[in-house]
Amino acid sequence: IDPLRLTADLPFLSTEEEEDVIASTNILRDRSHIDKTLRLAFDDNAAESYNAALQKLRKIYHSAIKPMEQAYKYNELRAHEISGTVRALPDGEITSKPMVLFLGPWSVGKSSMINYLLGLKDSPYQLYTGAEPTTSEFTVIMHGEKTRSIEGIVMAADSSRSFSPLEKFGQSFLEKLLGIEMPHKLLERVTFVDTPGIIENRKQQERGYPFNDVCQWFIDRADLIFVTFDPTKLDVGLELEMLFRQLKGRESQIRIILNKADNLATQDLMRVYGALFWSLAPLINVTEPPRVYVSSFWPYEYAPDTSRDLFKREEISLLEDLNQVIENRLENKIAFIRQHAIRVRIHALLVDRYVQTFKDKMSYFSDPDLVFKEIVDDPDKFFIFKSILAKTNVSKFDLPNREAYQDFFGVNPINTFKSLSAQCSYTGGCLLDKIEKAITSELPGLLGSINPSKPPPGLSSCETTGCGEKPKNRYRKN
């Protein structure tokens, strides 16, 4: 990073002040607190048990959840619902490391922050930085046995990774996707994603790919999202406003970073801090204000006559936040898989209800298309959704929208689905039994096994999980 970049961005400094800034930035900051806070110097003795638990989680998904996904085509349900994105889970995503996503305007220090955390200064693979917009690719920095770069088309083609769904955004995007592998202790536990800076005067069409859709893909999979600003780029335009709209529902994972804070005197920094909150207030609709970290995340020493102790404490606080996500990575993944299983189960119960209603309404002289059109156009008339709420303990806020099933059955005819009572086999049992067992006992039990100090939640009763009417296995004797 060129130290002159800082003074070029600060035309209000006098010549003497510029010399002080340049002198201070030539001194590298001590990075020992990074290794200590992120526990990089410690051997992870729990790695073996972590991998074993991850394999158990993968086995539960493939044996109990994926068969239900495939039987009722869950992945083809459009994401109209409030509860989250509808998608099947590739193996690479189940076993993937926590993802930390960096978003924000151009040249606010996103790439510099990644270089600083990984200690990449002056290395061949440090991310390029500068005062002008420099990052035009989505760059994924991940662990590997040796340092190398990977083209986006190769990343998407590798089924062992979690990036194969990115092919849907087209060849133009894959040319803007870059992977970097390196044998770094931190990358054994987390993956960083650097994104192109937001440029308000650039139209989406000029990028050549759906920028917002790609951002949404990464947002949906991120465990922690750093939205970075600097004192000179606090204005909110249409593209940044759209980005915060996409972050709705992810407020607990968002961390706001006011970077390059040592560029300002204390009084000016307080004004900038207030201006940042004023700019973001209309975009973040939460009862509690978001956590804002104020510091300068780059390898050089803080500028003289600034709040060094404050910046150091803020930096350590952010590192502790990052370490907490890393330490809880397995618990979070199990909780996510369980929530996903609940959504798949709700979908299967709804499709089963549509199937049963269709069979009940059909007669010898009925027109199948007209009968089902009446059902799918007005499901409330036949108590499709209300019956699920009545028979189970599912919240009405977790139910998909009615319109989602109009689209779903528009491409998936009703006669291609079996009822849940028919989804049983002599050797494999019933699909509904298996997914309910995963939700009520297997996943909570796995969670308790990795954290013995906390007993697994009591999820053995249908009052908690919302079990429906269990289908009778016609292949087994009672």
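Nothing here was measured: the structure is a model prediction, and the numbers come from that model.

1. A short note on the overall build of the protein
Next, step 1: A count of helices and strands for the protein gives 18 helices and 10 strands.
Next, step 2: In the protein, of all internal contacts separated by at least 6 residues, the share reaching a separation of at least 24 is 78%.
Next, step 3: Here the protein has roughly 23400 Å² of accessible surface; of this, 50% comes from carbon and sulfur atoms.

2. What to know about the confidence of the model for the protein
Low-confidence regions, as indicated by low pLDDT, have predicted coordinates that should not be scrutinised in detail.
Next, step 1: Averaged over every residue, the pLDDT of the protein is 83; residues scoring 70 or more account for 82%.
Next, step 2: No element of the protein has a lower mean pLDDT than helix α1 (residues 4-8), at 44, and none a higher one than strand β5 (residues 191-194), at 96.
Next, step 3: Counting interchain partners and residues more than four positions distant, the pLDDT-below-50 stretch residues 1-11 has 22 contacts.
Next, step 4: The low-confidence segment residues 80-84, where pLDDT is below 50, has 11 contacts with residues more than four positions distant or belonging to other chains.

3. Concerning the sheet that holds strand β3 (residues 148-151)
Next, step 1: In space, the 8 strands of this open sheet follow the order β3-β4-β2-β5-β1-β6-β7-β8, with mixed pairing throughout. Only two strands of the sheet have a single partner each, and these edge strands are β3 and β8 (292-294). On average, each strand axis in the sheet is tilted by 20° relative to the strand beside it, whichever way the strands run.
Next, step 2: When strand β2 (residues 138-143) meets β5, the two strands line up antiparallel, connected through 3 bridges. Among the inter-strand pairings, T139 is bridged to a residue of β5, identified as D194.

4. Comments concerning the pattern of salt bridges
Next, step 1: Applying the stated criterion across every chain yields a total of 16 salt bridges.
Next, step 2: The partner of D122 in a salt bridge is K121, and the shortest N-O contact between them spans 3.2 Å.
Next, step 3: For D122, a relative accessible area of 60% corresponds to the exposed category.
Next, step 4: Among the ionic pairs, R291 bridges to E314, the shortest N-O distance being 3.3 Å. You can see R291 sitting in the loop between α11 (266-280) and β8 and its partner E314 sitting in helix α12 (residues 308-327), a full 23 residues away along the chain.

5. Quick notes on the side chain of S387
Next, step 1: Assignment of secondary structure puts S387 in helix α15 (residues 384-391).
Next, step 2: A polar side-chain atom of S387 sits 3.2 Å from a polar atom in the side chain of R353.
Next, step 3: Of the polar contacts made by the side chain of S387, one reaches the backbone oxygen of F383; its length is 2.9 Å.

6. Remarks on the state of the cysteines
Next, step 1: The full count for this structure, using the stated rule, is 1 disulfide.
Next, step 2: What pairs with C424 in a disulfide is C430, and their sulfur atoms sit 2.0 Å apart. Judged by the sign of its S-S torsion, about 105°, the cystine formed by C424 and C430 is right-handed.

7. Side note on the packing of helix α9 (residues 211-221) against helix α10 (residues 238-246)
Next, step 1: Close contact between α9 and α10 brings their axes to 10 Å; oriented N to C, the two are set at 35°. You can see that α9 and α10 cross each other, and the crossing is right-handed. Between α9, through F211, N212, D213, C215, Q216 and I219, and α10, the contact on the second element is made entirely by E239, M242, L243 and Q246.
Next, step 2: Of the residues assigned to the contact of α9 with α10, the class counts are 5 nonpolar, 3 polar and 2 charged.

8. Details of the packing of aromatic side chains
Next, step 1: For the structure on display, the rule yields 26 aromatic pairs.
Next, step 2: Look at F138 and F173: their rings are 5.7 Å apart centre to centre, the planes differ by 70°, and that puts the pair in the edge-to-face class. One end of the pair, F138, is in strand β2; the other, F173, is in helix α8 (residues 171-174), and 35 residues separate them in sequence.
Next, step 3: Both rings, one in F372 and one in F409, keep their centres 5.1 Å apart while their planes meet at 80°; by these two values the pair is edge-to-face. Linking F372 in helix α14 (residues 368-377) with F409 in helix α16 (residues 402-411), this pair joins segments that are 37 residues apart in sequence.
Next, step 4: Classification of F372 as buried rests on a relative accessible area of 10%.

9. What about the environment of L330?
Next, step 1: Position of L330 relative to the elements: it lies in helix α13 (residues 329-361).
Next, step 2: We classify L330 as buried; its relative accessible area is 5%.
Next, step 3: With 233 residues separating them along the chain, L330 and K97 place their C-alpha atoms 9.1 Å apart.
Next, step 4: In this structure, L330 is in contact with Y50, A53, L54 and I450, ignoring residues within four places of it in sequence.

10. Some words on the environment of R39
Next, step 1: By secondary structure assignment, the location of R39 is in the loop between α3 (32-37) and α4 (47-71).
Next, step 2: C-alpha of R39 to C-alpha of E320: the two residues are 281 residues apart in sequence and 10.0 Å apart in space.
Next, step 3: Look past the residues within four positions of R39 in its chain and what remains in contact with it is R189, N323 and E327.

Cut-off values and rules
Residues numbered from 1 in each chain as written. Predicted model: local features only at pLDDT ≥ 70, side-chain atom pairs only at ≥ 80, totals over all residues. Heavy atoms only, no water. Helix = DSSP H or I, 4+ residues; strand = E, 2+ residues; numbered from the N terminus. Contact = heavy atoms within 4.5 Å. Areas by Shrake-Rupley, 256 points an atom, 1.4 Å probe, with all protein chains shown as cover. pLDDT = per-residue confidence, 0-100. Pairing = 2+ DSSP bridges. Axes fitted to C-alpha atoms, helices over the stretch in contact; angles between N-to-C directions. Salt bridge = Lys/Arg side-chain N within 4 Å of Asp/Glu carboxyl O. Buried < 20%, exposed > 50% of the residue type's maximum accessible area, 1.4 Å probe, protein only. Polar contact = N/O pair within 3.5 Å; in protein donor to acceptor, adjacent residues only side chain to side chain. Disulfide = S-S within 2.5 Å. Left-handed = near helix turned anticlockwise from the far one by under 90°. Nonpolar A, V, L, I, M, F, W, Y, C, P; charged D, E, K, R; others polar. Phe/Tyr/Trp six-rings, centres within 6.5 Å; stacked < 30°, edge-to-face > 60°.

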